Structure formats: C-alpha cells, structure tokens
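# Architecture and fold: a report
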Amino acid sequence: MCGIVGYIGKKNTKEILLEGLKELEYRGYDSAGIAVLQHDNFESYKAVGKLVNLEEKTKDFITQDFAVGIGHTRWATHGKPTELNAHPHLGESSYVVHNGIIENYAKLKKELMSEGVTFLSQTDTEVIVHLFEKNLKSASSALEAFTKTISQLHGAYAILLVTKSEDESIFFAKHGSPMLVGIDAQNDKYFASSDTPLIGHCTDVNYFEDGDYGYVSPNAIVIFDKDGNKKNPRFTKLTQNKLSAQKNGFRFFMEKEIYEQSDVITDTLLGRLSDEGIVFDELDASLFDGINEIKLCACGTSYHSALSATYLFERYAKIKTSVEVASEFRYRSPIMSKDTLFVVISQSGETADTLETLKMAKAAGLKTLVICNVDNSSMVRLADACILTRAGVEKGVASTKAFATQVMVFWMLSMYVAKLKNSLDAKEIAKQIALMRQVPLSTKVSDVTHEHIKRLSKRYLHGHGFFFIGRDIFYPLALEGALKLKEISYLHAEGYPSGEMKHGPIALADPELFTIALLPQHLLYEKAKSNVEELSARDSTICAISALEFDKADDFIPISSCQDYMLEFFEMMVVLQLLSLEISVRLGNDVDMPRNLAKSVTVE
Ligand code: F6R
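Report follows, based on the coordinates. Small disclaimer: the values here were computed from a predicted structure and weren't measured. (Residues numbered from 1 in each chain as written. Predicted model: local features only at pLDDT ≥ 70, side-chain atom pairs only at ≥ 80, totals over all residues. Heavy atoms only, no water.)

## Notes on the sheet that holds strand S22 (residues 493-497)
Definition in use: In short, DSSP must find at least two bridges between two strands for them to pair. Secondary structure follows DSSP: runs of H or I at least 4 residues long count as helices, runs of E at least 2 residues long count as strands, and numbering of each begins at the N terminus. A fitted line through C-alpha atoms represents every axis, and for helices the fit uses only the stretch in contact; the resulting angles, taken between N-to-C directions, go from 0 to 180 degrees. In this analysis, two residues are considered to be in contact whenever any of their non-hydrogen atoms come within 4.5 Å of each other.
Taken in spatial order, the 5 strands line up as S22-S21-S23-S24-S25 in an open sheet, and their pairing is parallel. Across the chains shown, the open sheet's two edge strands, defined by having one partner strand only, are S22 and strand S25 (555-558). This sheet shows a mean twist of 20° between the axes of neighbouring strands, independent of strand direction. Judged from the 4 bridges that link them, strand S24 (residues 541-546) and S25 form a sheet pairing that is parallel. Along S25, the bridge assignment pairs Ala544 with Phe556. Running at roughly 160° to S25, helix H15 (residues 447-456) makes contact with S24 and S25 of the sheet. Strand contacts of helix H16 (residues 474-489): strand S21 (465-470), S22 and strand S23 (513-519), with the helix running at about 175° to S22, the strand carrying the most contacts.

So, in structure tokens, the structure goes:
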C-alpha cells in the first residue's frame with residue numbers, strides 16, 4: 001500500500017527521496033509527494049499518478065546542503081487520489097507523512113475544526129500535523145508535543161514529521177505499520193517503510209517495534225518504547241539483494257502474500273468495526289433502500305468469494321442473493337430488475353468480463369456497488385459505490401490475500417445489511433463482530449502447520465486428480481483450493497460440494513484420487529464427515545483438514561479449535577494456499593508467474 005521515506009544529511013536530499021520512493025513503487029500507489037526543509041525553508045511537491053509526474057514537478061528544485069526531507073507514495077484509503085489528499089500534509093510550519101489508518105480521526109478533526117483549524121484534505125493523516133501544532137503551543141519542546149500527539153492517536157501508523165521548530169530532526173512513530181531507520185558511512189540517516197529504499201545506502205538498520213517513537217538528528221537516534229522508556233537502537237545487517245528484500249525474505253511473492261493476510265485483514269477491518277455494528281463510511285445507507293435482492297458477478301477467485309457471500313447474505317442479512325460468473329452473465333440476456341443491487345467483485349477492478357457486467361447493470365438502471373482492491377480502477381470509477389478491500393498490491397498471479405479480504409468485506413457487509421434490515425438482533429451482531437476481530441489471528445501462519453504441509457506435500461505430486469470437497473460456505477472454499485492448486489501445480493483439481501460426490505464423481509475414487517476434505521467442527525460436521533467416509537470406503541486417498549481428529553484420513557492437517565465456522569474458514573483457507581504452494585515448489589514450477597496466466601485479464 002503506501003510507502004514512506006525520509007533522509008537527514010548533506011547529500012542530494014531530493015534525489016535520495018525520489019529514488020527511495022521508486023523502490024517502493026512495486027507496492028502500488030496513486031499519488032506521491034515530498035517535503036524538504038533546508039535553510040529554514042520548506043519546499044513541498046506533490047503529484048497524482050506515477051512518480052515521473054513528481055520528478056517533472058521537482059526538476060528545477062535543487063538540494064545540495066544539509067537538509068531534512070520526507071516523502072510518501074499514497075494508496076488512497078480516505079479520500080480520492082488527488083494532489084490535495086497526497087502526502088506530505090502541511091500544518092503551519094510542519095509536514096507529516098503517514099501509513100496506516102487513524103481510526104479516531106473524525107473525532108479529532110471535528111475538535112480541531114471547532115477550534116478554527118482549516119483542513120485541506122479528506123485524509124485521516126492531516127489531523128496528525130494539526131494536532132501536533134496545537135500541542136506545540138503549550139509544550140516546552142517539539143518532542144513533548146509529538147509524544148502527546150502520538151498518545152492521542154488510535155489505529156495503525158508509521159509516521160514521519162518534520163517541523164521548523166526543530167529544524168534538524170525527523171520525528172517518527174511506529175504502531176502497526178512497518179518502519180526502519182538506517183545509517184550510511186557518513187552517519188547520514190535514512191528512513192523507510194520497507195528495506196528496499198535503504199539498500200545501496202545503508203548496511204546497518206534498526207527496525208522499529210510497535211510503540212516506538214522518538215526523533216533522529218544529525219548526531220542522534222533517540223528512541224522511546226511504548227511506555228516512554230528510552231532504548232538504544234538495535235542495528236542489524238541489511239541484505240543487499242533488492243528482489244529478496246521486496247519479498248521480505250520469502251521465496252515467492254505468493255508465499256509473502258499468504259503470510260501478509262493477517263496484517264492486511266487488520267487493515268480491512270480498521271475503522272470499520274464498532275460494538276454496535278459495521279461502519280462503512282464510504283456507503284450511503286440509502287444504497288439499500290428499495291433493494292430486495294443482491295446479484296453478485298465476478299470471475300475466478302473473486303467469483304469464489306462472491307459465492308461465499310451468497311451464504312452469508314442469505315443466512316445473516318436474510319436477503320435473496322445470487323451469483324454468476326461474469327463471462328456467462330454477459331451473453332445470456334439476464335433479467336435485471338430495479339430492486340436488485342448489482343455487486344461486482346474484482347481484485348484489479350479491470351477484468352473485462354466483470355467490467356462489462358457492471359456496464360450492463362448501469363445501463364439497466366440498477367444500483368451498483370464494487371468490492372475492489374484498486375482505487376481509481378475502471379470499476380471503482382464506474383460503480384455508484386465502492387468498498388475497498390485494502391489488501392495492498394498483490395504480485396503473485398495466484399490470488400491469496402485479495403480473496404481473504406474480499407470474504408472479510410462480504411462478512412462485514414452481511415452484518416451491515418443485517419442491521420439495516422433488522423434481520424439480526426444487536427446481541428448477534430455484536431457476537432459476529434467479536435468473531436471478526438479474531439480473524440487476523442486465525443490467518444496467522446503457524447510455523448508448525450507450514451512445516452507439516454511442506455513435508456506432506458511430497459505425497460501429492462502424482463495421481464490422476466484432486467477433489468476438494470466442502471459443504472455450505474466451505475464449498476466455495478473448496479473451489480478456491482482447487483483453483484489455487486490447478487493454477488500453480490498444473491495438476492487436475494476440482495472443487496465439489498461434499499454431498500454431490502455420490503451423484504457421479506465418486507466413480508473416480510481410487511487410491512490415486514486425492515480428496516482434500518474440509519471438515520469444519522462448527523458447520524455440518526457429521527454430514528460432511530459421512531461424505532468423506534463414502535470416499536474413504538472406495539479407497540480414495542484422503543487428506544482431512546479439521547480441528548477434530550478423523551481416523552478415516554490418510555493424512556490430517558489440524559487447525560485450531562475455535563468458536564465459529566468462519567474462523568475455521570479463514571484458517572483452512574491458509575492451509576489450502578500453503579498446500580498448493582508447497583506442491584508447486586516441489587514440482588519446480590514458477591509459483592509467482594504460472595504458465596498461461598496473467599494478473600489482470602483485460603480481454604474477453
Ligand atoms: C486466481 C486469479 C483469477 C482472478 C480473476 C479475476 O488466482 O487470480 O482467477 O481472480 O482473473 O480477477 P479480478 O479479481 O482482478 O477481477
């Protein structure tokens with residue numbers, strides 16, 4: 001998502017900031033900016049779109065002497081990708097850049113506005129700089145004002161702030177978003193939100209921990225921990241390999257993205273959960289006025305998340321919901337009635353088939369909503385309303401974290417509609433929200449499980465095919481598990497509803513037919529188990545995934561015991577992704593760039 005850089009020293013500050021931002025381009029962004037303080041004078045430049053636009057704007061700006069600078073690439077979350085919303089954000093004599101989300105920004109903004117502060121942007125970030133300047137008025141130092149400011153922020157953040165009141169320092173704070181500082185041979189200091197901008201400049205870096213804050217000046221790196229105790233920096237050696245740094249040490253982007261799911265789901269949830277219900281600031285509640293039905297349309301993995309949504313919407317929101325593969329919907333003369341909310345789901349927002357169905361729905365006068373990961377994409381621009389999934393850039397062609405965040409958004413949306421339509425009582429909604437808060441934990445990859453799957457994968461490299469089976473919402477998960485395996489292993493795999501096997505597919509059962517069985521403890525366990533027993537009786541090789549031991553399984557991947565089937569869903573999702581990954585690795589395939597596939601399918 002967003003990227004941060006910072007620099008204090010005598011080298012060419014502008015170039016260092018721009019080069020650093022370029023190294024973060026792979027994370028995706030829609031605008032960028034820098035602010036440099038030299039000779040007691042601030043210069044700031046911002047541009048929408050690619051970094052070349054910012055380079056063009058700064059071409060006459062020269063930095064030669066000592067300067068303090070910060071820079072940012074922004075991936076819009078609060079407010080459109082415009083120049084005004086781009087970082088750095090200015091107060092009267094300070095600038096700030098920020099990654100993450102300030103959950104209590106609306107309240108802080110209201111207070112500051114009532115005191116006469118004018119806001120220029122729609123971002124949550126701008127409150128930080130105004131709050132800091134307000135605190136500065138009554139503080140004895142910039143550090144005191146900064147410390148107070150941090151204590152007033154709720155949410156996740158990595159922050160850099162520069163101010164004329166302390167013109168040789170960069171103030172920093174980290175809570176929930178990554179940030180590190182490095183030094184070069186001349187003792188100049190560099191900040192970044194990930195390793196890559198520092199490679200080539202610094203050999204030693206200090207990764208900040210959550211709760212760390214402080215400042216860096218030409219001669220000092222001053223760090224306080226979350227309790228305000230001073231601590232020494234802990235320098236470690238920085239890799240000099242850029243590609244491996246982008247992968248954060250993982251072998252593949254897909255693997256990194258599987259491991260990121262816990263964090264990106266935290267982003268998906270940020271600011272959207274309250275004890276009373278789901279908060280989608282981006283939705284106007286009138287969107288659901290007069291709506292009696294929801295129609296979902298998508299392709300591939302996004303179609304699978306949409307299929308999951310049909311179970312959630314009908315179960316919780318009690319609203320008639322159906323889903324269709326976009327390429328089919330386009331050409332079958334569908335009936336579209338105006339009491340239907342038309343929802344498209346897409347990681348990229350550019351998939352041609354899905355985009356076309358959105359155009360059809362608009363032309364038919366239906367209200368439209370897009371669930372998407374890329375702001376300002378074609379679908380986001382076209383739909384009446386949009387919910388961003390906040391998964392960050394997904395580089396692996398096989399979608400993982402996009403799917404996870406889509407399902408998360410659908411679960412939240414089902415509660416949002418349930419509240420609007422009074423189909424669930426407050427107690428049940430509060431219970432579901434409490435469960436949602438546990439998803440980041442359910443999606444954390446366990447080393448033990450990953451190691452187990454790595455070992456197990458060697459037994460699944462041959463055979464004449466795989467069946468992934470599940471019931472209810474675990475059926476779309478089975479489809480997704482099969483798709484992941486197909487895409488990156490090139491082995492034949494199919495997803496089936498467990499109860500459907502006896503109607504034909506079971507004829508294929510033999511020891512060389514691998515069944516990956518999803519057996520959630522909290523949803524139709526006995527029914528699903530009987531279906532697996534039928535396959536086991538016909539000698540299919542069974543790999544069961546469950547919290548409950550299953551003696552008919554040849555292999556067993558345990559998940560943790562939890563309170564609800566949705567938590568089982570997310571934990572099993574991780575297991576299926578890892579299983580595909582490890583089978584593909586053993587087969588020697590290119591995990592991130594599987595043959596014949598493209599990341600964004602903009603053709604029919
Ligand atoms: C599978 C995968 C594809 C996409 C599909 C739709 O791993 O990535 O099946 O899900 O091409 O793409 P989006 O979601 O961008 O519309």
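## Details of the side chain of Ser580
We apply this condition: Per-residue accessibility, obtained with a 1.4 Å probe over protein chains only, is compared with the maximum for each type, and a residue is labelled buried under 20%, exposed over 50%, and partly exposed between these values.
Along the chain, Ser580 turns up in helix H18 (residues 565-586). Accessibility expressed as a relative area gives 1% for Ser580, which makes it buried. Once residues within four sequence positions are removed from consideration, Ser580 is found in contact with Gly481, Lys484, Leu485 and Ile488.

## Details of the pattern of salt bridges
The line we're drawing: A pairing counts as a salt bridge when a side-chain nitrogen of Lys or Arg comes within 4 Å of a carboxyl oxygen of Asp or Glu.
Summed over all chains, the structure comprises 31 salt bridges. Residues Lys174 and Asp210 are paired through a salt bridge, measuring 2.6 Å at the closest nitrogen-oxygen approach. Linking Lys174 in strand S8 (residues 166-175) with Asp210 in the loop between strand S11 (204-207) and strand S12 (213-217), this pair joins segments that are 36 residues apart in sequence. Classification of Lys174 by relative accessible area gives buried; the value is 9%.

## Observations regarding the site of the ligand
Here is the rule we go by: Nearness here has a simple test: a residue counts as near a molecule or strand if at least one of its heavy atoms is within 4 Å of that partner. In protein, a polar contact means a hydrogen-donor-capable atom and an acceptor-capable atom, both N or O and within 3.5 Å, with residues adjacent in sequence counting only if both atoms are side-chain atoms; elsewhere, any N or O pair within 3.5 Å suffices. Computed with the Shrake-Rupley method and a 1.4 Å probe, the accessible areas treat only the protein chains shown as cover for residues.
The local shell around the ligand holds 14 residues, among which Ser302, Ser346, Gln347, Ser348 and Thr351 are the closest. Ser348 places a side-chain nitrogen or oxygen 2.7 Å from an oxygen atom of the ligand. A distance of 2.8 Å separates an oxygen atom of the ligand from a polar backbone atom of Ser399. In the complex, 89% of the free accessible area of the ligand, which totals 410 Å², lies under the protein chains. Of all elements in the fold, only helix H8 (300-317) and H16 reach the threshold of two or more residues within the shell around the ligand.

## Digging into unusual backbone geometry
Cis rather than trans, the peptide bond between His87 and Pro88 has omega equal to 0°. Mapping Pro88 onto the fold places it in the loop between strand S4 (67-74) and strand S5 (89-90). Even without being glycine, Lys318 reaches a positive phi, approximately 55°. Summarising the element assignment, Lys318 is placed in the loop between H8 and strand S17 (320-325). Overall, the relative accessible area of 55% leaves Lys318 in the exposed class. For Asp472, which is not a glycine, the phi torsion comes out positive at approximately 55°. With respect to the secondary-structure elements, Asp472 resides in the loop between S21 and H16.

## A few points about the nonpolar core
The test is simple: By convention a nonpolar core is built from buried Ala, Val, Leu, Ile, Met, Phe, Trp, Tyr and Cys residues, the set being connected through side-chain atoms within 4.5 Å. Note that the domain bounds reflect an automated or database-derived domain assignment.
Grouped together as the largest cluster of nonpolar side chains are 92 residues, with contacts concentrated most on Leu283, Leu296, Leu369, Trp411, Leu413, Phe466 and Phe570. In terms of residues, this core owes the most to one element, H18, which gives 14 residues. Taken together, domain 2 (242-444) and domain 3 (445-597) each give at least three residues to this core, which thus spans both. In contact with Leu413, not counting residues within four places along its chain, are Phe280, Leu283, Phe288, Phe313, Leu369, Ile371 and Ile387. Listed in part, the 26 residues of the second largest apolar core include Val5, Ile16, Leu18 and Ala245.

## Topic: helix H5 (residues 142-151)
The criterion, for reference: Directions from the helix axis toward the C-beta atoms define the arc.
If you check which residues of H5 are buried, you get Ala142, Ala145, Phe146, Thr149 and Ile150. Down the axis of H5, the buried side of the element spans an arc of 135°, and every buried residue falls inside it. Looking at the buried residues of H5, the elements they touch are helix H4 (126-138), strand S7 (155-163), S8 and S12.

## Quick look at the packing of aromatic side chains
The line we're drawing: Only Phe, Tyr and Trp rings are paired, with Trp represented by its six-membered ring, and only when their centres lie within 6.5 Å; those with planes under 30 degrees apart are stacked, over 60 edge-to-face, the remainder tilted. Only Lys NZ and Arg CZ are tested; either one counts as a charge over a ring when it is within 6 Å of the ring centre and within 35 degrees of the ring normal.
The full count for this structure, using the stated rule, is 24 aromatic pairs. Aromatic side chains Phe569 and Phe570 sit 5.5 Å apart centroid to centroid with 75° between the ring planes, which places their arrangement in the edge-to-face category. Both residues of the pair, Phe569 and Phe570, count as buried. Members of the aromatic cluster, connected to one another through ring pairs, are Phe403, Trp411, Phe474, Phe569 and Phe570. Over the ring of Tyr490 we find Arg595; its NZ or CZ atom is 3.8 Å from the centre of that ring.

## Topic: the packing of helix H3 (residues 105-114) against H4
Our working definition: Any angle between 65 and 115 degrees counts as roughly perpendicular, while under 35 counts as roughly parallel, over 145 as roughly antiparallel, and the rest as oblique. A crossing counts as left-handed when the near helix is turned anticlockwise from the far one by less than a right angle, and as right-handed when that turn is clockwise. Under the scheme applied, nonpolar residues are Ala, Val, Leu, Ile, Met, Phe, Trp, Tyr, Cys and Pro; charged residues are Asp, Glu, Lys and Arg; polar residues are all the others, including Gly.
Their axes nearest at 10 Å, the elements H3 and H4 cross at an angle of 50°. On the basis of their axis angle, the class for H3 and H4 is oblique. Here H3 and H4 pass one another in a crossing that is left-handed. From H3, Tyr105, Leu108, Lys109 and Leu112 reach across to H4, where they touch Val127, His130, Leu131 and Lys134. When grouped by side-chain class, the residues that make up the contact of H3 with H4 number 5 nonpolar, 1 polar and 2 charged.

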